[in-house]
Amino acid sequence: MSNGVFDGSNSQLIVGIGSVLVDVIVPASDAFVARSGVPKGGMVYFDADTIQQVLQRADGKAQVVPGGAACNTILGVASLGGKTRFMGKRGQDEFGHLFENDLNRHQVDPFLIQAPTPTGRVLSLITPDSQRTMLTYLGASAEMTPAEIPDKAFEGAAIAIIEGYLVYNRDLFLHALQQARAAGAKIVLDLASFTVVEENRDLLSDVVGEYVDILIANEDEAAIFTDCRDETAALTELAKLAELAVLKLGARGSMVCLLYTSPSPRDLGSNLVFRRLV
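Computed from a predicted model, the values in this text were never measured in an experiment. (Residues numbered from 1 in each chain as written. Predicted model: local features only at pLDDT ≥ 70, side-chain atom pairs only at ≥ 80, totals over all residues. Heavy atoms only, no water.)

Draft legend 1. Examining the packing of helix H7 (residues 219–226) against helix H8 (residues 231–239) more closely. One can describe the packing of H7 onto H8 by two numbers: an axis separation of 9 Å at closest approach and a directional angle of 65°. Where H7 crosses over H8, the handedness of that crossing is left-handed. Two secondary-structure elements touch here, H7 through Glu219, Ala222, Phe225 and Thr226 and H8 through Glu231, Ala234, Glu237 and Leu238. Grouping the amino acids of the contact of H7 with H8 by side-chain chemistry returns four nonpolar, one polar and three charged. (Axes fitted to C-alpha atoms, helices over the stretch in contact; angles between N-to-C directions. Helix = DSSP H or I, 4+ residues; strand = E, 2+ residues; numbered from the N terminus. Left-handed = near helix turned anticlockwise from the far one by under 90°. Contact = heavy atoms within 4.5 Å. Nonpolar A, V, L, I, M, F, W, Y, C, P; charged D, E, K, R; others polar.)

Spelled out as structure tokens, the structure:
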């Protein structure tokens with residue numbers, strides 16, 4: 001079987017661009033999440049003071065770690081020995097130093113612009129069913145501009161991971177996609193959160209159709225994006241939009257659907273290969 005996602009490049013560099021965020025992870029009950037003002041499993045932007053107030057009311061012990069969707073993926077790849085680079089904007093504060101030091105510790109090439117604005121943070125409320133509900137303060141990340149991405153930022157990249165949350169910074173989001181495509185990288189987009197999809201569905205649909213090679217979503221994001229509540233049907237629809245589609249199912253693992261080309265092409269449905277990863 002042949003598929004364009006894996007063909008044509010000898011490069012092993014994976015480049016991510018996204019928000020520089022520090023995750024403050026706290027176990028929480030469903031009742032506490034309901035009182036937070038954020039739909040369970042969703043993400044809402046707040047100011048730093050409000051996040052601190054919610055954190056002070058939490059009973060669980062907080063764990064503070066570098067985060068952000070694209071960065072988490074890059075750190076995972078680096079932990080497996082992959083060659084990686086991450087781009088973003090951080091504050092000149094303790095959280096910013098923690099973030100950059102962690103990239104260096106994992107041997108990730110850090111391209112981090114510094115700003116006087118505090119580093120962004122996410123209060124992640126984790127319920128017993130492993131669902132995460134996020135209160136987000138973007139901080140310095142929100143100030144990153146297209147002009148701050150160097151022309152050669154994606155040079156040599158086999159894969160570019162573009163964070164779905166960047167859709168709220170439309171100019172930066174589109175510029176990153178264009179730069180990655182111009183560099184010849186395969187583009188990965190994670191839909192990030194069902195609230196992101198609800199609020200930006202038209203733009204995401206346009207971007208997926210024009211730029212995206214690997215599309216990743218969880219079951220809620222996929223349902224909203226495709227109008228399919230059935231997981232297999234939703235994954236099939238995602239696979240019609242990108243060469244490789246991944247449906248994340250929490251504790252149940254993931255499902256992957258690969259659209260391949262054969263010497264004798266038949267209908268689209270016959271060219272879809274499903275794999276379940278647990």
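Okay, back to it.
Draft legend 2. Region of the structure containing the pairing of strand E2 (residues 21–27). Within E2, five of the seven residues are buried, which leaves it mostly tucked inside the rest of the structure. The sheet contact formed by E2 and strand E4 (residues 63–67) spans five bridges and is antiparallel. Paired with Asp23 across the two strands is Val65, which belongs to E4. For E2 and strand E7 (residues 119–126), the ladder comprises seven bridges, and the chain directions are parallel. Across the sheet, Asp23 pairs through a bridge with Val122, a residue of E7. (Buried < 20%, exposed > 50% of the residue type's maximum accessible area, 1.4 Å probe, protein only. Pairing = 2+ DSSP bridges.)

Draft legend 3. Inspection of the nonpolar core at higher detail. Core analysis: the largest hydrophobic core is formed by 54 residues, its most contacted members being Ile17, Phe154, Ile162, Phe173, Leu189, Leu204 and Leu215. The element best represented in this core is helix H6 (residues 194–211), accounting for eight residues. Setting aside residues up to four positions removed in sequence, Leu204 forms contacts with Val167, Phe173, Leu189, Leu191, Val196, Val197 and Phe225. Core analysis: the next-biggest nonpolar cluster, separate from the first, contains 20 residues, Val20, Leu103, Leu244 and Leu258 among them. (Core = buried A, V, L, I, M, F, W, Y, C linked by side-chain atoms within 4.5 Å.)

Draft legend 4. Seen up close, the pattern of salt bridges. Taken as a whole and judged by the stated rule, the model has 13 salt bridges. Glu231 is the partner of Arg252 in a salt bridge, and the nearest nitrogen-oxygen pair spans 2.7 Å. One end of the pair, Arg252, is in the loop between strand E12 (244–248) and strand E13 (254–259); the other, Glu231, is in helix H8, and 21 residues separate them in sequence. On the basis of relative accessibility, which here comes to 36%, the residue Arg252 falls in the partly exposed class. By relative accessible area, Glu231 is classed as partly exposed at 24%. What emerges from the salt-bridge pattern is a single network uniting Asp30, Lys40 and Asp129. (Salt bridge = Lys/Arg side-chain N within 4 Å of Asp/Glu carboxyl O.)

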